[in-house]
Structures are given as structure tokens and as C-alpha cells.
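# Geometric and topological summary
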Number of protein chains: 2
Amino acid sequence: MRLFNQVAIIGVGLIGGSLGLSIKKKRLADKVIGVSRHKKTLFLAKKSRAIDEGAQEIKVIKDADLVIFATPVNTILKLAPLVAKIIKPGCIVTDVGSTKKEIVVKLDKIFKQFVGSHPLAGSEKRGILYAHADIFKDSLCLLTPSKKTNLAALAKIKKLWSRLGAKTVILSPENHDQVLSFTSHLPHILAFALLDIVPARYLGFASSGLKDTTRIAASDSQLWTDIILTNAKNIIQAIDLFEGNLEKMKKAIRRQDRKLLFKILKKAKSRREAL
Amino acid sequence: MRLFNQVAIIGVGLIGGSLGLSIKKKRLADKVIGVSRHKKTLFLAKKSRAIDEGAQEIKVIKDADLVIFATPVNTILKLAPLVAKIIKPGCIVTDVGSTKKEIVVKLDKIFKQFVGSHPLAGSEKRGILYAHADIFKDSLCLLTPSKKTNLAALAKIKKLWSRLGAKTVILSPENHDQVLSFTSHLPHILAFALLDIVPARYLGFASSGLKDTTRIAASDSQLWTDIILTNAKNIIQAIDLFEGNLEKMKKAIRRQDRKLLFKILKKAKSRREAL
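Residues numbered from 1 in each chain as written. Chains lettered and ligands numbered in written order. Predicted model: local features only at pLDDT ≥ 70, side-chain atom pairs only at ≥ 80, totals over all residues.

## Digging into the domain arrangement of chain A
Residue and element names in this part refer to chain A. Each assigned domain of chain A is listed with its residue range as follows: domain 1 (4-171) and domain 2 (175-274). The C-alpha-based centres of domain 1 and domain 2 are spaced at 30 Å. At the junction of the two partners, domain 1 supplies 14 residues and domain 2 supplies 16 residues. Mapped by element, the contributors of at least two residues to the side of domain 1 that touches domain 2 are α3 (73-86) and α4 (101-110). Residues of the side of domain 1 that touches domain 2, tallied by class, amount to 4 nonpolar, 5 polar and 5 charged. (Domains from an automatic or database assignment. Contact = placed C-beta atoms within 7 Å. Helix = DSSP H or I, 4+ residues; strand = E, 2+ residues; numbered from the N terminus. Nonpolar A, V, L, I, M, F, W, Y, C, P; charged D, E, K, R; others polar.)

If you want it as C-alpha cells, here you go:
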């Protein structure tokens, strides 16, 4: 059952904490170590048994044979060089960041055994209090190896996610970022942009439609600023495409083009039903 | 408890059927009559006791003292003159259409005792099979009287919705359509437009974010074509405002303007949390 001796999780929030809980539940490591800037997070993570040991200092990870970055993207990019100085030879490194190209390019240079991961789990909630052991069960985890990726490390990371209940799919980092710009980043941006313009006095009339559409707008602002800025090019292209389509719809509305409008709505409906 | 002798519901779908169920549950009428084009709908509505009697011919409503239009907007506009020829003097008429200005202007001319209603209930589902008696409980129902509205009829319709558990709010038809263009119609349009451009091969990677954001895109295409085309002016204005904001975000992304982007995301987050 055991895959690792010591697993170190840097960032013990919703995903990091859930990783700790599920790795321990499945007995995939002898020991799980958590790193957080916040004492309270470490206290809560220990209390909920997401980690066996926690510290604010990164040096606590020195004996780990797996390090998982579970912080916002920019914090991953910033901490990577520090982590590289501490870990022991042979230590595998992965992350759970929502954009992959920038991370993989940089971390491939810094680590010999880096494998990029992106579990499509979690929600707009954040923090250890929302962590739970079954979050990855029946979810999808995207693995984004590059030409430099160590194949043994990739196999081991793939096994880790499988054991946690996730179905793994391999995508190149570039392809990952392009897919996610449509399936996740653009929907978030539309939700942010929508809530920004609804006049405040109208918000009391919000029905379940607006609420569902904008649930993800409650996502962590720092996390999402990082995601957007590290996938800027793809996101701008997706926005351009979206704007073109919105213009088309606007024209159809202005012309009272019932036929075209119905066709667009029908297509959206059948795609939604297939999701 | 009884408010009406006979209530006739034209269109026995999700909302019409739920009205029948809840009016009967609360014993607000001696008899509920349903009108539908579809024999099967009438059969199901009778079987589920949403209606006491049903017919495909509109003449069945001749003895009603309340007629409720619960069809798509354009069908309401089309059927109103026919209904006017059949109903008895003193019969109150209301509707549950999602846009109000066009309906109120037209039905005010046709009926002496018309009161526009818009219950903010329902979902992307449609049809009598999804109807249930408690759909209006703790919901909001917008009433849209005009200068011509008979005040006794307004009071009675207000009482009807209150008895069904809804909180009623009075808005002018114009104001209603403007509010809804932001809180409901624009979110729907964004969901339709988004699903239209996500490349089909990416749909398998949809996470809960995309799913939630586009749930309403599965709404009935005919119903929504009607809604959009009868609130075209407001919707186009809302789209314009949205596009301007999206442009602002796109520029911030292109410039890697972390500060502005964070500010927009933070505002959206706090607004969403206040919903």
C-alpha cells in the first residue's frame, strides 16, 4: 500500500489538506508533513489529522521523498528554488497548480524529478476547514509531463493519484493550459466580470440562475489572480472568441433573428446536457 | 381559505403544474382547470392532481374567475385575444412570464383586470414531471402593475402569491425588465454564448466550475428565445456594459496588471458572498 516514506505538503489548504487526509486514509506514506505560513492552519491540519507534523519553516521537508506544492501558482514559482536547496537526492516533486506551462518550464529546470499535476477537484471554498479525504474520488487529475520528465517519477505520481481515486489523463503543459482556459479560466472570468457590473440595488432580485452562474466568483482572489496571469495568452484568446460570439448573439437579438437565436440556444442546451 | 371558485391555468408545465399543485394543496380554489396543447401533459397533470379537469380547447376556461397564463411569452401574447373572447366578466387574469413590459402593454389593452406576475421560481428543468407544490415557498414573486391595473385585482393576486408562500415585490414593468436583464437574462446569455465556443473535444475536462456556470444553458430554447426577444433593448444594454468590463479585464490581463485584476476579483468575491 505504501508509496512513500515521507510526504511533505507545502500549503495545507483545501487541496493540500485533502491530500494529507486522503494519503493518510489510504496509508500511502508513513508520515505526512505540512508546511504553512500560518500557525493556525498547522494547528487545524494536525487536529484533523491531515498531517502528522507541521512547521512554518521549509527545512522540515528535508527527509521527504515526495514534496507536493499546494499553494497558489506564484507561491510555487517563488518557493521552488528554496525547496530545491533542502530536499534530498531522489526526492520526487509535484504540484497541484491550475496552470501548468510556466510551472513546468521553471520547475523542470530546478528539480530533476518534477511531475506537474492538476487535480480537477476542489471548489470556490478554501482552507483546511473544507478539506476532506474523499475529494479526489472519481475526479479527474491531469498530469503534464514534458520531454524532461523522469518517467519513473511520472509513473509514481500517476500511481499516487490513482490510489487517491482519481482518473489520470496526460496532457502536455501547453495543451493543458489551452484546455483549461476554456473549461475553467474563461468561466471564472465571465463570473467575475458579470458580478462586477450587476447594479448593487438589483442583487436582491438574484434568482438561482445568477447564483449558480457566479458561484465560482467567490473563489480566492489571490489564487485566481495568479492563475489568470500565468495563462494570459490562452485566456485572452478564449475571451476574444467569446466576445466574437457574444457580438453575434447581440446582432441576432438586435435584428430579432428568432431562427439564429433559437439555433444558438439549442446548441448550448444539447452541449450542456452532454456535460 | 378559498380565494377563487375556478382557476384556469393555461400551460401546465413546471410553473403551471406547480401552481395547480400548490393552489390545490392550500385549497385556494374549488376547482383547477388546465389547458395544454398536449394530451399527455393533461393526463399527467390530472394524474398528479395538479388539475381537476383538463382540455386542449381554450373554451374550457369560460367559468373561471382567475386565468393564469403559464406558457412561453410569445404564446401568452398570441393567446390573449382568444382568451378575452371566452372569459366571463370580472375574471382576473395574470401570467408568469419572465419579461413584463410587452406583456403588460398588450394584456392591459385586452383585459380589464390584468395583473402581471413573475415568480422567481423554477429552474432549467421544464414540464409537469418537475412540478411540485412547494416551489413558491420562500421565493420572490415580482408583481408589475401599470397605471391601468385594477387595484382590487392587484390585491387579490398579491394575496394569491402570499398564500403560496412567496414574498411579493412590486416593480413597474419597465423596471422589472431592466432588473431581470442583469439578474437573469444576461447570465443566461453568457452561459449560452460560453457553451457555444468551448471546443467539443475539451468538454470532457469540464469541472464543477463550468458545469455550474452553464447549468442554465440547458433551459428551454423556445422559452428563452421568447424572453430574450421581448427584452431586447435592456439585454443589449446589459451586454454592452458587460463587454466593456470584459475588455477592461482583458487589458488588465494583457498588461499583467496584478493590482487591478486582484481588485476586480475581490469585488466580485464580496458581491457573490453577499448574494
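## Notes on helix α9 (residues 232-254) of chain A
For α9(A), which comprises 23 residues, the first-to-last C-alpha distance of 32 Å matches the rise-based estimate of 33 Å (1.5 Å per residue) to within 8%. Tucked inside the fold, the buried residues of α9(A) contact α6 (173-197), α8 (221-229) and α10 (258-274) of chain A together with α6 (173-197), α8 (221-229) and α9 (232-254) of chain B. Directly beyond the C-terminal end of α9(A), a positive phi value near 55° is found at Q256(A). (Expected span 1.5 Å × (residues − 1).)

## A short note on the interface of chain B and chain A
Contacts between chain B and chain A engage 71 residues on the former and 71 residues on the latter. Per-element tally for the side of chain B that touches chain A: the top contributor is α6(B), with 16 residues. Looking at the side of chain B that touches chain A residue by residue, the classes come out as 43 nonpolar, 14 polar and 14 charged.

## Section: the relation of the copies chain B and chain A
Once chain B has been moved 0.0 Å along the axis and rotated by 180°, it coincides with chain A to within an RMSD of 0.0 Å. Taken together, the rotation and translation describe the operation of a two-fold axis. Measuring from the rotation axis to each C-alpha of chain B, the shortest distance belongs to T213(B), at 2.0 Å. Mapped onto chain A, 100% of the interface residues of chain B again fall at the interface, so both copies present the same surface. (Least-squares fit on C-alpha atoms with pLDDT ≥ 70 in both.)

## As for the sheet that holds strand β7 (residues 140-143) of chain A
Residue and element names in this part refer to chain A. The 8 strands are arranged β3-β2-β1-β4-β5-β6-β7-β8 in an open sheet whose pairing can be described as mixed. For this open sheet the edge positions go to β3 (53-55) and β8 (167-170), each flanked by a neighbour on one side alone. Taking each pair of neighbouring strands and ignoring which way they run, the sheet shows an average axis angle of 25°. Pairing analysis gives 4 bridges linking strand β1 (residues 4-10) to strand β4 (residues 66-69), with the strands arranged parallel. In the strand pairing of β4, A8 is matched with V67. Here helix α1 (residues 14-25) sits on the sheet and contacts β1, β2 (29-35), β4 and β6 (114-119); the angle it forms with β2, its principal contact strand, is near 165°. (Pairing = 2+ DSSP bridges. Axes fitted to C-alpha atoms, helices over the stretch in contact; angles between N-to-C directions.)

## Some thoughts on unusual backbone geometry
Phi at R49(A) takes a positive value of approximately 65°, unusual for a residue other than glycine. Relative to the helices and strands, R49(A) is located in the loop between α2 (39-47) and β3. The exposure class assigned to R49(A) is partly exposed, which follows from the 13 C-beta atoms found within 10 Å. Residue R27(B) is not a glycine yet carries a positive backbone phi of 55°. On the neighbour-count criterion, R27(B) (11 C-beta atoms within 10 Å) is exposed. (Buried ≥ 20, exposed ≤ 12 C-beta atoms within 10 Å, placed from the backbone.)

## Notes on the sheet that holds strand β3 (residues 53-55) of chain B
Residue and element names in this part refer to chain B. Strand order in this open sheet of 8 strands is β3-β2-β1-β4-β5-β6-β7-β8, and the pairing throughout is mixed. Two strands close off the open sheet at either side, each with one partner strand: β3 and β8 (167-170). The sheet shows a mean angle of 25° between the axes of neighbouring strands, direction not considered. Summarising the sheet, strand β7 (residues 140-143) and β8 pair through 4 bridges and their orientation is parallel. Looking at β8, one finds that L140 is bridged to K167. In the packing of helix α4 (residues 101-110) onto the sheet, contacts are made with β5 (92-95) and β6 (114-119), and the angle to β6 comes to roughly 155°.

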